[in-house]
Every structure is written in C-alpha cells, then in structure tokens.
Amino acid sequence: MNRYILPLSVLGTAVGGAVLLKDFVAGGACPSKTTIPGKTVIVTGANTGIGKQTALELARRGGAIILACRDLEKCEAAAREIRGETLNHHVNARHLDLASLKSIREFAAKIIEEEERVHILINNAAVMRCPHWTTEDGFEMQLGVNYLGHFLLTNLLLDKLKASAPSRIINLSSLAHVAGHIDFEDLNWEKRKYDTKAAYCQSKLAVVLFTKELSRQLQGTGVTVNALHPGVARTELGRHTGMHSSTFSSFTLGPIFWLLVKSPQLAAQPSTYLAVAEELEGVSGKYFEGLKEKAPAPEAEDEEVAQRLWAESARLVGLEMSYGSSERGQCLPK
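Predicted model only: the values in this text are computed from it and were never measured. (Residues numbered from 1 in each chain as written. Predicted model: local features only at pLDDT ≥ 70, side-chain atom pairs only at ≥ 80, totals over all residues. Heavy atoms only, no water.)

So, the confidence of the model for the protein chain
Then comes step 1: Taken residue by residue, the protein chain gives an average pLDDT of 87. The fraction at 70 or more is 79%.
Then comes step 2: Within the model, the stretch residues 323-329 combines pLDDT values under 50 with 11 contacts to residues more than four positions away or in other chains. (pLDDT = per-residue confidence, 0-100. Contact = heavy atoms within 4.5 Å.)

Here it is, written out as structure tokens:
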C-alpha cells in the first residue's frame, strides 16, 4: 500500500500545481466587492458567453441590467435564467442587431425614451473570423459588428451617459489588435482578397483607437471609457475558427488549451472589474489585459490615426462631425 502513497502524492501535487498555474494564467476573479444598486447597465451580446456571465455578475451586484442581443428569444431566455439565479428582477432583454444601423438607432431611441439613466455601457458583442459576410448596410461583418455598430451605439447614448455621470463605457477588444492595421484605402475589404484573420485584427485595433479618441473627447464630462482583452474563452465566438472541430487541436493541443483558455465566468471578470472597481474611478483611455493595465500596440496609440478613423467611421454610419471650441470631434446624429 505504501508504494502507492508517493506516486499519488506526486500526482496530487502536480494536479494542484496545474490548477494554481491555470488560475494564475487566467487572471483570477474580480478583486472588487463593490455593489451597484440603482445603476443601469447595458451589455451587448449578453445571451451567451462572456456577455451573459458579465450580466450575471453585475446582476448579482444589484444593477438593473439590459441584455442587448440580436436573437431576442435567446436573450429573453438568458434574462430569465439570470433573474432566477440572482433573484434580481431588474434584468431585461432588448433587441439589438449590431449588423444593422436601423436596429441600432431604434434600440438607442428606446433606451433614451424609457431609461432615466445609463451608468454603464459594456460593448461586448463580437463576431470572429467569419466568412466574407457583409452587414445590412454593406460593411465587412467583423468591422461592422465589432467596431462600427458599437461606435454608433455609443455616440447615440453619449448624452444619456453624460447625464448619468459618473458613468463608464467598457469596450471589449482583443490581444489580436497588435496584429491589426487600419487600411483606410479599403476598410471594408472591397478591393483586396479577403483575409478573415486580418479583418478581425483590424476590427479589434479599431476598438482600441476608438477608446483612445473617445476618452480625449470625454475629458471633464464624468464619463470614462476603457478597452480590454478578456482573455481567450470557451465561447461561441470561436465557432468559425475550426479549433473546436479539429482533432489535432482537441488532442494534441488540448493540455495547452486547458491551461490558456478561460471559462466564460472567468473571462467576464475583467469586464466586471472595469465596470465596478472604485479604484478605477476617473481612469480613462486605457487598455487592460485581464485585470491589469497594459500598453496597447503602437498603432493604437497614434492620435492622428485615431482621429482619422473617427471621422471616417462617422461618415460611414451617418453621423455628422461638429468641431466646436469645447466639443472637438463630437458626432451629431443625422
């Protein structure tokens, strides 16, 4: 019997060490215990994955949560589940299709009309490495949903966010932004051979540039905006990558994936942290990887690129630029 004790002890130590290492790599839980009763939160893409878990975490903290999703049936099911689990009855589903400028405008108009305040906007929804699809308005799908849709939504809700200050905007980007480049000559991949990976990286770089420029424009308003990389998570986002269906990926790279890939619950911790942490009050224009602030890619820090992208985005989604002495770059809806 004694001959089994040492191997079992070694095995137990190895397993325990692996679990601790995974927790370290994944970044851990939100350290803030702050509750948010009376605060209204919008989370896009909240019917599944990181968005759903973020909505759940913030509902537990007492917020009034609006799940904004393309599939209203799934969104309502997620809202019911969150209400049941948290006993917070202020969790509601709203239809929002980020691939449709019309849907975005309708959603924003309803929020402006019906909600007295919006304290936290979490731009979470995304598509990743999909085929060469286009949105209802003809934008390349990843740029349209991941960036342009949220650009329009945020601008339409800015007055409400300012009236609710102190308020926060959280934009989900990705570490993939470091491989991105903004091609102003062909933002929507109409001239080049389509590269789904490059398109995804461009969309996530655009999110960081948007965050930087918006932060500059919001100085002194009481509204902050930050971008984050939540980590690689086991969600539906990667359904077009082929990783989950590949035998090689599943068996050969399985242990690596286990170590590096987060559960949706753990991947929701950075969004939760940026939404509620008291120590981040007033912090704006930053990029976070997990729970830690990091420097983004050099192109993401380029103010000239950020301003040019803002102007082009405003043109594409139908916002007019208004340059006043105190409102440089503010967009006005047509």
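Thoughts on the pairing of strand 5 (residues 167-172)
Then comes step 1: Counting buried positions along strand 5 gives 6 out of 6 residues, so the element sits mostly inside the fold.
Then comes step 2: Because side chains alternate across strand 5, one face comprises the buried residues Ser-167, Ile-169 and Asn-171, and the other comprises Arg-168, Ile-170 and Leu-172, equally buried.
Then comes step 3: Tracing the backbone out of strand 4 (residues 120-123), into helix 5 (residues 141-163) and back to the parallel element strand 5 gives a crossover that is right-handed.
Then comes step 4: Where strand 5 and strand 6 (residues 223-229) come together, 6 bridges link them in parallel fashion. Of the residues in strand 6, the one forming a bridge with Arg-168 is Thr-224.
Then comes step 5: Where the polypeptide runs from strand 5 across helix 6 (residues 196-217) and back to strand 6, its parallel neighbour, the crossover connection is right-handed. (Buried < 20%, exposed > 50% of the residue type's maximum accessible area, 1.4 Å probe, protein only. Helix = DSSP H or I, 4+ residues; strand = E, 2+ residues; numbered from the N terminus. Right-handed = clockwise from strand over helix to strand, strands pointing away. Pairing = 2+ DSSP bridges.)

Here we look at the packing of aromatic side chains
Centre distance and the angle of the planes are the two values used to describe a pair of aromatic rings.
Then comes step 1: Inspection of the entire model under this criterion finds 6 aromatic pairs.
Then comes step 2: When the centroid spacing of 5.8 Å and the interplanar angle of 50° are considered together, the rings of Tyr-147 and Phe-151 count as tilted. With Tyr-147 and Phe-151 both in helix 5, this residue pair falls 4 residues apart, about one helical turn. Across the pair, Phe-151 and Tyr-147 agree in class, each one buried. (Phe/Tyr/Trp six-rings, centres within 6.5 Å; stacked < 30°, edge-to-face > 60°.)

A word on the nonpolar core
Then comes step 1: Within the largest apolar cluster, 54 residues are counted, with the highest numbers of intra-cluster contacts made by Ile-42, Tyr-147, Ile-169 and Ile-182.
Then comes step 2: Of all elements in the fold, only strand 2 (64-69), helix 4 (101-114), helix 5, helix 6, strand 6 and helix 11 (303-317) reach the threshold of two or more residues within this core.
Then comes step 3: For this core, the element with the highest residue contribution is helix 5, accounting for 12 residues.
Then comes step 4: Excluding its chain neighbours within four sequence positions, the residues that come into contact with Ile-169 are Leu-121, Asn-123, Thr-154, Leu-158, Leu-161, Leu-214, Leu-218, Val-223, Thr-224, Val-225 and Asn-226.
Then comes step 5: By size, the runner-up hydrophobic cluster in this structure holds 33 residues, among which are Ile-36, Leu-228, Ala-268 and Leu-280. (Core = buried A, V, L, I, M, F, W, Y, C linked by side-chain atoms within 4.5 Å.)

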